[in-house]
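What the coordinates show
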Amino acid sequence: MAAWGERLAGVRGVLLDISGVLYDGGEGGGAAIAGSVEAVARLKRSRLKVRFCTNESQKSRADLVGLLQWLGFDVSEGEVTAPAPAACLILKQRGLRPHLLVHDGVRSEFDQIDTSNPNCVVIADAGEGFSYQNMNKAFQVLMELENPVLFSLGKGRYYKETSGLMLDVGPYMKALEYACGIKAEVVGKPSPEFFKSALQEMGVEAHEAQ
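Residues numbered from 1 in each chain as written. Predicted model: local features only at pLDDT ≥ 70, side-chain atom pairs only at ≥ 80, totals over all residues. Heavy atoms only, no water.

What counts, and what does not: UniProt positions are given in the numbering used here, feature names are shortened, and annotations may be inferred rather than shown by experiment.
If you look the protein up in an unreviewed UniProt entry, it shows as Phospholysine phosphohistidine inorganic pyrophosphate phosphatase from Moschus moschiferus. One UniProt comment on the protein, placed under Cofactor (unreviewed entry), says "Mg(2+)".

**Notes on helix α5 (residues 132–143)**
Note the threshold: Think of it this way: any DSSP run of H or I at least four residues long counts as a helix, any run of E at least two long counts as a strand, and we number them from the N terminus. Helix span, expected: 1.5 Å multiplied by one less than the number of residues in the helix. For every residue, the accessible area (1.4 Å probe, protein chains only) is compared with the maximum for its type, and the residue is labelled buried under 20%, exposed over 50%, or partly exposed between those bounds. Here the arc refers to the set of directions running from the helix axis out to each C-beta atom. Whether two residues are in contact is decided by their heavy atoms: any pair within 4.5 Å suffices.
The end-to-end C-alpha distance of α5 is 16 Å, a good match for the 16 Å that 12 residues give at a rise of 1.5 Å each. Considered for burial, the residues of α5 that qualify are M135, A138, V141 and L142. Burial along α5 is one-sided: seen end-on, the buried residues are contained in an arc of 120°. Seen from the buried face of α5, the exposed residues on the opposite side, beyond 90 degrees, are Y132 and Q133. Its buried side turned inward, α5 meets β6 (98–101), β7 (120–123), β8 (150–152) and α6 (170–180).

**Here's the deal with the sheet that holds β8**
We apply this condition: Only strands that DSSP links by at least two bridges are regarded as paired with each other. To get an axis, fit a line to the C-alpha atoms, keeping to the stretch in contact for a helix; angles then go from 0 to 180 degrees between the N-to-C directions.
Strand order in the open sheet made by the 4 strands is β6-β7-β8-β11, with parallel pairing throughout. Edge strands, defined here as strands with exactly one partner in the open sheet, are β6 and β11 (185–186). Inspection of the sheet shows β6 paired to β7 by 4 bridges, in the parallel sense. Note on β7: the bridge partner recorded for H99 is V121. In the packing of helix α4 (residues 83–94) onto the sheet, contacts are made with β6, β7, β8 and β11, and the angle to β8 comes to roughly 160°. Where α5 meets the sheet, its contacts fall on β6, β7 and β8, and the angle it forms with β6 comes to roughly 160°.

**Considerations on the pattern of salt bridges**
Stated precisely, the cut-off is as follows: For this analysis, a salt bridge means a side-chain nitrogen from Lys or Arg found within 4 Å of a carboxyl oxygen belonging to Asp or Glu.
Counting across every chain of the model gives 10 salt bridges. We note a salt bridge from E185 to R94, for which the minimum N-O separation is 2.9 Å. Taken as a pair, E185 in strand β11 and R94 in helix α4 lie far apart in primary sequence, 91 residues in all. We note a salt bridge from K196 to E193, for which the minimum N-O separation is 3.4 Å. Of this pair, K196 and E193 both sit in helix α7 (residues 192–202), 3 residues apart, which is roughly one turn of that helix. Residue class for E193 comes out exposed when judged on its relative accessible area of 53%.

**Things to note about the nonpolar core**
Formally: Nonpolar cores are built from buried Ala, Val, Leu, Ile, Met, Phe, Trp, Tyr and Cys residues. Side-chain atoms within 4.5 Å join them into one set.
Ranked by internal contacts, the top residues of the largest apolar core, which has 19 residues, are I18, Y23, F52, L68, F73, V75 and V80. Among the secondary structure elements, those contributing two or more residues to this core are β1 (13–16), β4 (49–53) and α3 (61–70). The element best represented in this core is α3, accounting for 4 residues. Excluding its chain neighbours within four sequence positions, the residues that come into contact with F73 are L22, A32, S36, V37, V40 and L68.

**Some remarks on the sheet that holds strand β5 (residues 80–81)**
With respect to topology, 3 strands assemble into an open sheet ordered β1-β4-β5, the strand pairing being parallel. Single-partner strands in this sheet number two, and they are β1 and β5. Relative to the sheet, α7 contacts β1, β4 and β5, its axis offset from that of β4 by approximately 145°.

**Looking at unusual backbone geometry**
Each neighbour pair has its own omega, and for K189 with P190 the value is 10°, a cis peptide bond. Of note, P190 is situated in the loop between β11 and α7. Positive phi, close to 45°, is recorded for N117, a residue that is not glycine. For N117, the location among the structural elements is in the loop between β6 and β7.

**With respect to the environment of F195**
Following the sequence through the fold, F195 ends up in helix α7. When the C-alpha positions of F195 and C53 are compared, they lie 7.9 Å apart, and in sequence the two are 142 residues distant. Look past the residues within four positions of F195 in its chain and what remains in contact with it is L15, C53, K189 and P190.

**Digging into α6**
Considered for burial, the residues of α6 that qualify are G170, M173, L176, E177 and C180. Along the axis of α6, the buried positions cluster into a sector of 125°, meaning they face one direction only. Looking at the packing, one finds that the buried side of α6 touches β7, α5, β8 and β11. At the exit of α6 stands G181, carrying a positive phi of roughly 65°.

Written as structure tokens, this is what we have:
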């Protein structure tokens, strides 16, 4: 216990990943990883500030929080930093109108975003939506732009569900980068700006977090 006390000296906050750390997704909503519900509860009883930082882009933040609560976690929507809301803020700040290649489950996050006459592409973990037709449409939009802009909500290679490993958004992002000769702007982990926004929302400095 003393060793843990020394490691946590000066630490005021903890950032927790969600998928693959707290639960594995899958049929019926997935399953909490053994001990994770109790670990979160223990952290919340401590003096530490807790924030959840995820690249989940198949669910809206509200739906994700609802699932976590159903699995037994003490978590609220305001405690979760997710890439879709962060992307919406960037789009508004830069006056961009996206073509969306995203999962239907997260599309509601973009309801207040103008998607007419797109001047950029936003790609996320679209699951079965990653068809040739949909990928080719995103490619065409980018190639028709004088200054193509591609946003990727995360860039993971794969993730684990209860049924096995699943391809994430990263391989599809790389395909569009290669085809269009561009570099995607990553919104989500491992972008330093994404972690900075989570720390800012938690009210702690980087050296005070684990």
